[in-house]
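Descriptive analysis of the structure
So the chains spell out like this:
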Amino acid sequence: MKPTNIKDPEYFHKVVDCQYACPAHTPVPEYIRLIAAGDYTGAYMINWDSNVFPGVLGRTCDRPCEPACRRGRVDEEPVAICRLKRVAADNADKDDVKNLMPKGPFKSNGKKVALIGGGPASLTVARDLAPLGYELHLFDEQKKGGGFMRSQIPSFRLPETVLDQEVNYILDLGIHSHFNHYVKSMKDEVLSKDYDAVFVGTGAPRGRDLPDLPGRKEGAANIHLGINWLASVAFEHTTKVGKKVIVLGGGNTAMDCCRTARRLGGTQVKVVVRSPFAEMKASPWEKEDAAHEDIPIIDNHVPKTFVVENGVLKGMTFEKVTAVYEGGKRKLVPVGGDDVFIEADDVLIAVGQENSFPWIERDLGIEFDKWEMPTVNEKTFVSTNPKVFFGGDAAWGPKNVITAVAHGHQAAVSINNFCNGIDLNKRLDPMVNLVSQKMGIHEWSYDSEVASDERYVVPQADKKVTLSNRKKEVELGFDRLTGFKEAERCLNCDVQTVFTETKCIECDACMDVCPTACITFTENAEEENDLRSKLKMPATNKTQDLYVSDVLPTKRVMIKDENVCLHCGLCAERCPTAAWDMQKFFYNVTKTHTGCQKS
């Protein structure tokens, strides 16, 4: 195999598994180290530059970083990356944070952009473009910004004060906000005006229904679409629900619906899902929280009918099924027997969400596919109308907040390019740095010792209190001491083991001292599979690369399996010639503006 090109920033980027898995590529180990050092403001600003909503995401993120966390390959549990983000948000000095942010008013560049929808994608575009002098007009039908973060995430998970604060950080940059304003016509209200570009970040605002299920129309008064019902609760139009509630669906929205129903008077709330429990789309922690609040989840039940008597909903019938797998595909097969009847005063349908663009005329050069989704370039986020860009759920359907933020960053780059006559395909190179952490013969400027602590549990408020008040936040977050201990579980995967062949005397000391046997000196091989099989510890995870050195004097090469390296620095401490060095790799996705100031 050819020697690894460590000068390619994407090589070490991939080694930092948590950051690589994050759609916004937040420098996770960097902010975790700052938390351990007590620099909460610095940790907040690292987050704010990348993911824009640290306090929100520290409570609600889908956590794609955590399954990727290298700690999960050592222990059973990864680092609580998401909850550490909240530690930074809860403890940062709010005045210092505000002072480190870009400050308006900004010199106008003469360009004007419309942002349709006030959710995370549009707000990210606004955050990135405002310092460049754009006149930004944000339209949303709600009374405040935040989009689905406000209407779909219950207050017991995301307090309104936290959302308001982080939304206002952006609006305070000089955004022209038009709330309580539903755009009815893209043609008349937007494209006919003097906007230089338009960004659509309206989310996936329509809940899927079950219109063909018998009894749906007859029981309509007590059958609700989950996302509409959550919004109605959030804006206090709905304040109660029946004692017996069925929630249909197995995603995170279903979990929010059932937990909200418990707080609005539902004493017998049940979640009923078609799929097996293990295959539900809801995050594991969401299912755990529902179980903690005494909400049973009944799996392998397919809805058949709404039972309505004399115009009153009585419940639903379900067919019991089992999952059969053929050729990698799942098939739900009836198990026979009588249908199952479950009583209900109200039913909440949370079986998915869809996009809806009735306000976009079909003669504007914006192409839609057979599913009524816009045709959007995956790299530049531009539609088939060169002036109109899409992002977040509006572009490719329901995802999550962090994905919408990532879309917003890249859409802002494209909008800035478009308004300045630059090719949209010209993207901004990431900011990268690689700096030695050596402070002495056996000293590093980071805590290199691998902590043995198991993952710490986030405390929760008393269930009696939280179930009686829908605005009472359930999770209390880590205190500073526990946050420090959890931060110390991080393996500092961004501190890279950098090998210099010309200094190596092939004593094999690094190979002997390595606790995971990830280093091997051996003859090279043409095929990667052959090389993986002949290492001291065979490298079976092909999703992570091998670090291959150039040829050494003995004609051997150094091979390191990046998959199991702990970044502990023992190889560098043991090496008598400093052929190994621990170097901190900082990778930051470049935005359209220079971002925040350093703390």
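Residues numbered from 1 in each chain as written. Predicted model: local features only at pLDDT ≥ 70, side-chain atom pairs only at ≥ 80, totals over all residues. Heavy atoms only, no water.

Time to look at helix α20 (residues 480-487). The set of residues buried in α20 consists of G483, E486 and A487. Projected onto a plane normal to the axis of α20, the buried residues spread over an arc of 100 degrees and lie on a single side. Residues of α20 that are buried in the fold lie against α3 (28-36) and α8 (81-91). Two to three positions downstream of the cap, the backbone nitrogen of L481 sits 3.3 Å from a side-chain oxygen, assigning the N-cap of α20 to D479. (Buried < 20%, exposed > 50% of the residue type's maximum accessible area, 1.4 Å probe, protein only. Helix = DSSP H or I, 4+ residues; strand = E, 2+ residues; numbered from the N terminus. Arc of directions from axis to C-beta. Contact = heavy atoms within 4.5 Å. Polar contact = N/O pair within 3.5 Å; in protein donor to acceptor, adjacent residues only side chain to side chain.)

Often, the extent of an interface is quoted as the loss of accessible area upon association of its parts. Taken as a whole, the protein chain is organised into domain 1 (9-101 + 443-487), domain 2 (112-205 + 355-419), domain 3 (208-351) and domain 4 (495-588). Once you take the C-alpha centre of each, domain 1 and domain 2 turn out to be 27 Å apart. The interface of domain 1 with domain 2 comprises 28 residues on the first partner and 26 residues on the second. One can count one salt bridge joining domain 1 with domain 2. Measuring nitrogen to oxygen at the nearest pair gives 3.1 Å for the salt bridge that ties D172 to K98. The interface formed by domain 1 and domain 2 includes ten residue pairs in polar contact (both at pLDDT 80 or more). Those elements that provide at least two residues to the side of domain 1 that touches domain 2 are α4 (40-51), α5 (54-60) and α9 (94-100). With six residues, α5 is the single largest residue contributor to the side of domain 1 that touches domain 2. (Domains from an automatic or database assignment. Salt bridge = Lys/Arg side-chain N within 4 Å of Asp/Glu carboxyl O.)

Glancing now at the sheet that holds strand β18 (residues 495-499). Strand order in the open sheet formed by three strands is β17-β22-β18, and the pairing between neighbours is antiparallel. Bordering the open sheet on either side are β17 (431-436) and β18, each of which pairs with just one other strand. Direction aside, neighbouring strands of the sheet carry axes that sit 35 degrees apart on average. When β17 meets strand β22 (residues 580-588), the two strands line up antiparallel, connected through six bridges. Each residue of the ladder has a partner; that of V435, found in β22, is K584. (Pairing = 2+ DSSP bridges. Axes fitted to C-alpha atoms, helices over the stretch in contact; angles between N-to-C directions.)

This part takes up the side chain of R263. Mapped onto the secondary structure, R263 falls in helix α15 (residues 252-263). Judged by relative accessible area, R263 falls into the buried class, the value being 8%. Of note is the side chain of R263, whose polar atom sits 2.9 Å from the backbone oxygen of R259. Residues in contact with R263, not counting those within four places in the same chain, are F156, E293, T466, L467, N469, R470 and V474.

Where α8 contacts α20, the two axes come as close as 10 Å, and the packing angle between them is 140 degrees. With respect to the hand of their crossing, α8 and α20 are arranged in left-handed fashion. Facing α8, whose interface residues are L84, V87 and N91, α20 presents R480, G483, E486 and A487. Looking at side-chain class alone, the contact of α8 with α20 contains three nonpolar, two polar and two charged residues. (Left-handed = near helix turned anticlockwise from the far one by under 90°. Nonpolar A, V, L, I, M, F, W, Y, C, P; charged D, E, K, R; others polar.)

Moving on, we get to the packing of aromatic side chains. This model, assessed by the stated rule, comprises ten aromatic pairs. Centre to centre, the rings of Y11 and F12 are 5.3 Å apart; their planes meet at 55 degrees, and the pair counts as tilted. Residue Y11 shares its accessibility class with F12, and that shared class is buried. Relative to W580, the ring of F499 lies with its centre 4.8 Å away and its plane at 50 degrees, an arrangement referred to as tilted. A residue pair is termed long-range when its members are at least 10 positions apart, and F499 in strand β18 and W580 in strand β22 qualify at 81 residues. Each member of the pair, F499 as well as W580, carries the same accessibility label: buried. The ring of W285 has R63 lying over it, and the distance from NZ or CZ to the ring centre is 3.8 Å. (Phe/Tyr/Trp six-rings, centres within 6.5 Å; stacked < 30°, edge-to-face > 60°. Lys NZ or Arg CZ within 6 Å of the ring centre and 35° of its normal.)

All right, on to the state of the cysteines then. In protein chemistry, a disulfide is the covalent bond that joins the sulfur atoms of two cysteines. All chains considered together, the criterion is met by zero disulfides. Cysteine C22 shares no disulfide, and the gap to the nearest cysteine sulfur, in C65, comes to 6.5 Å. Unpaired in this structure, C510 has its nearest cysteine sulfur neighbour in C507, at a distance of 6.5 Å. You can call C510 buried: its relative accessible area is 6%. (Disulfide = S-S within 2.5 Å.)

Counting through the fold element by element, F106 comes out in the loop between α9 and β1 (112-116). Considering only alpha carbons, one finds F106 and D299, 193 residues apart in sequence, at a separation of 55 Å. Beyond its immediate sequence surroundings of up to four residues, F106 is in contact with A130, P131, G133 and L173.

Let us look at the sheet that holds strand β8 (residues 268-272). Read across the sheet, five strands follow the order β6-β14-β7-β8-β9 without closing on themselves; strand pairing throughout is parallel. Looking at strand neighbours, the two that pair on one side only are β6 (223-225) and β9 (297-298), the edges of this open sheet. Alignment of β6 against strand β14 (residues 346-349), held across three bridges, turns out to be parallel. Each residue of the ladder has a partner; that of H224, found in β14, is L348.

On to unusual backbone geometry, then. Trans peptide bonds make up the majority, and among non-glycine residues the majority have a negative phi. The omega torsion across G104 and P105 is -5 degrees, close enough to zero to call that bond cis. Mapped onto the elements, P105 comes out in the loop between α9 and β1. With a phi angle near 60 degrees, E236 is a residue other than glycine that sits in the positive phi range. One can find E236 in the loop between α14 (226-234) and β7 (244-248). By relative accessible area, which is 46% here, E236 ends up partly exposed. The residue A517 is not glycine, and still its phi comes out positive at about 55 degrees. Structurally, A517 is set in the loop between α21 (509-513) and β19 (519-523).

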